[in-house]
Structures are given as structure tokens and as C-alpha cells.
Amino acid sequence: MSKLGCKCGHVITDQTDSLPYKASLLRDEVENECWDEVHRELKPLVEAAESGDKAAIAEAFGGFAPWSSATDELQGRIASIYIHRMSNVYECQNCGRLWVQKDASDRFVSYVPEEDAYGAIFSVASGESEKRD
Ligand SMILES: [Zn+2]
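The following paragraphs examine the structure supplied in this document. (Residues numbered from 1 in each chain as written. Predicted model: local features only at pLDDT ≥ 70, side-chain atom pairs only at ≥ 80, totals over all residues. Heavy atoms only, no water.)

Examining the overall build of the protein chain
Scanning the protein chain from N- to C-terminus turns up four helices and six strands. When the helices and strands of the protein chain are placed in sequence order, the string is β-β-β-α-α-α-β-β-β-α. Across the 133 residues that make up the protein chain, the buried fraction comes to 25%. Sequence-distant contacts, at least 24 apart, represent 52% of the contacts inside the protein chain between residues at least 6 apart. For the protein chain, the accessible area works out to roughly 9,300 Å², and carbon and sulfur atoms hold 50% of it. (Helix = DSSP H or I, 4+ residues; strand = E, 2+ residues; numbered from the N terminus. Buried < 20%, exposed > 50% of the residue type's maximum accessible area, 1.4 Å probe, protein only. Contact = heavy atoms within 4.5 Å. Areas by Shrake-Rupley, 256 points an atom, 1.4 Å probe, with all protein chains shown as cover.)

Below, the structure is given as C-alpha cells:
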């Protein structure tokens with residue numbers, strides 16, 4: 001999603017990283033599956049590295065494409081696991097309405113906050129002020 005029109009008329013844009021009004025949602029039903037898959041990706045590499053055996057390390061990294069570095073390849077695999085299970089959530093900066101992505105589709109459903117205002121609930125700065133209370 002790069003743009004989402006809110007019911008209040010505001011257009012929520014997602015064209016850069018580190019947005020204070022965006023969060024990722026991992027459904028509890030897939031959380032264990034997600035971590036199991038991350039573990040399956042890391043286990044052979046960690047075991048090979050711990051062994052110190054260069055042949056074992058080469059074999060563990062053998063599935064990687066020769067044109068990319070092992071670090072980039074592993075990062076890509078982990079990111080892929082994450083991206084395929086996460087849904088996006090946006091908070092409208094005008095009305096505070098939450099927009100939750102339905103499954104992996106392009107559809108979003110909205111939820112109206114009690115205060116009827118933007119609360120910056122996904123902003124790191126907002127979370128820090130909560131901790132001081
Ligand atoms: Zn809105």
C-alpha cells in the first residue's frame with residue numbers, strides 16, 4: 001500500500017520507512033510458525049559456524065545464490081518470513097482511526113478510537129512518554 005484514503009478525507013501515505021503512524025501486526029495464530037521458520041533458517045548456519053568446519057559452513061551456505069553475499073541472502077530470507085506473516089496497521093493522523101490489513105490482501109478495515117483523535121500510538125516517542133507515567 002502506498003496510499004490509503006481514510007473515511008475522514010485524510011490520505012494516509014506509506015512511501016518511506018520508519019513511519020510514526022504505521023505498525024506491523026503478527027497474528028498469534030502464526031507467531032510460533034513464524035519463529036519456527038526463522039529457527040529453521042538459522043539453525044544450520046549457527047551449527048556450521050560453531051563447528052568451525054569450513055566444509056560444513058560452505059554446505060550450510062551452499063543454498064545461497066552465488067551472486068549475493070551470504071549475509072544479504074540470510075537477511076532476505078528472514079525478511080521474507082516476516083513480510084509474509086505480518087499485516088500492516090495505520091493510524092490516521094487526522095482522526096486517529098486505525099486501519100488494519102485483512103490477511104495478506106490489499107483490503108483494510110477501520111476502527112474508531114474512543115478519543116476520536118490522533119494519539120500517535122505507533123510512534124516510538126509516544127511509547128516513551130507512556131513509560132514515564
Ligand atoms: Zn482519518
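Next comes the rest of the write-up.
Focus on the packing of helix α1 (residues 28-51) against helix α3 (residues 70-85)
When two helices pack together, you describe them by how their axes are tilted relative to each other and by the distance separating the axes. Running from N to C, α1 and α3 point in directions that differ by 170°, and their axes come no closer than 10 Å. With respect to their mutual orientation, α1 and α3 come out roughly antiparallel. From α1, Val 30, Glu 33, Cys 34, Glu 37, Val 38, Glu 41, Leu 42 and Leu 45 reach across to α3, where they touch Leu 74, Arg 77, Ile 78, Ile 81 and Arg 85. In terms of residue class, the contact of α1 with α3 is built from eight nonpolar, no polar and five charged. (Axes fitted to C-alpha atoms, helices over the stretch in contact; angles between N-to-C directions. Parallel < 35°, antiparallel > 145°, perpendicular 65-115°, else oblique. Nonpolar A, V, L, I, M, F, W, Y, C, P; charged D, E, K, R; others polar.)

Concerning the sheet that holds strand β6 (residues 108-111)
Spatially, four strands are ordered β3-β4-β5-β6 in an open sheet, and the strand pairing comes out antiparallel. Only two strands of the sheet have a single neighbouring strand rather than two, namely β3 (22-26) and β6. Averaged over all neighbouring strand pairs, the angle between strand axes comes to 25°, with direction disregarded. (Pairing = 2+ DSSP bridges.)

Some thoughts on the coordination of the zinc ion
Taken together, Cys 6 (SG), Cys 8 (SG), Cys 92 (SG) and Cys 95 (SG) make up the protein donors of the zinc ion, found 2.3 Å from the metal. The buried category is assigned to Cys 95, whose relative accessible area is 11%. (Donors = N, O, S within 2.8 Å, 3.2 Å for Na, K, Ca; no water.)

Regarding the packing of aromatic side chains
Enumeration according to the criterion identifies one aromatic pair in this entry. Judged by centre distance (5.8 Å) and plane angle (55°), the ring pair of Tyr 90 and Phe 108 falls under tilted. Here Tyr 90 is found in strand β4 (residues 86-91), whereas its partner Phe 108 is found in strand β6, with 18 residues between them in sequence. Using a relative accessible area of 0% as the deciding quantity, one classes Tyr 90 as buried. (Phe/Tyr/Trp six-rings, centres within 6.5 Å; stacked < 30°, edge-to-face > 60°.)

Section: the side chain of Ser 123
You can see Ser 123 is positioned in the loop between β6 and α4 (124-132). Under the relative-accessibility criterion, Ser 123 is labelled buried at 15%. A distance of 3.3 Å separates a polar side-chain atom of Ser 123 from the backbone nitrogen of Ala 125. (Polar contact = N/O pair within 3.5 Å; in protein donor to acceptor, adjacent residues only side chain to side chain.)

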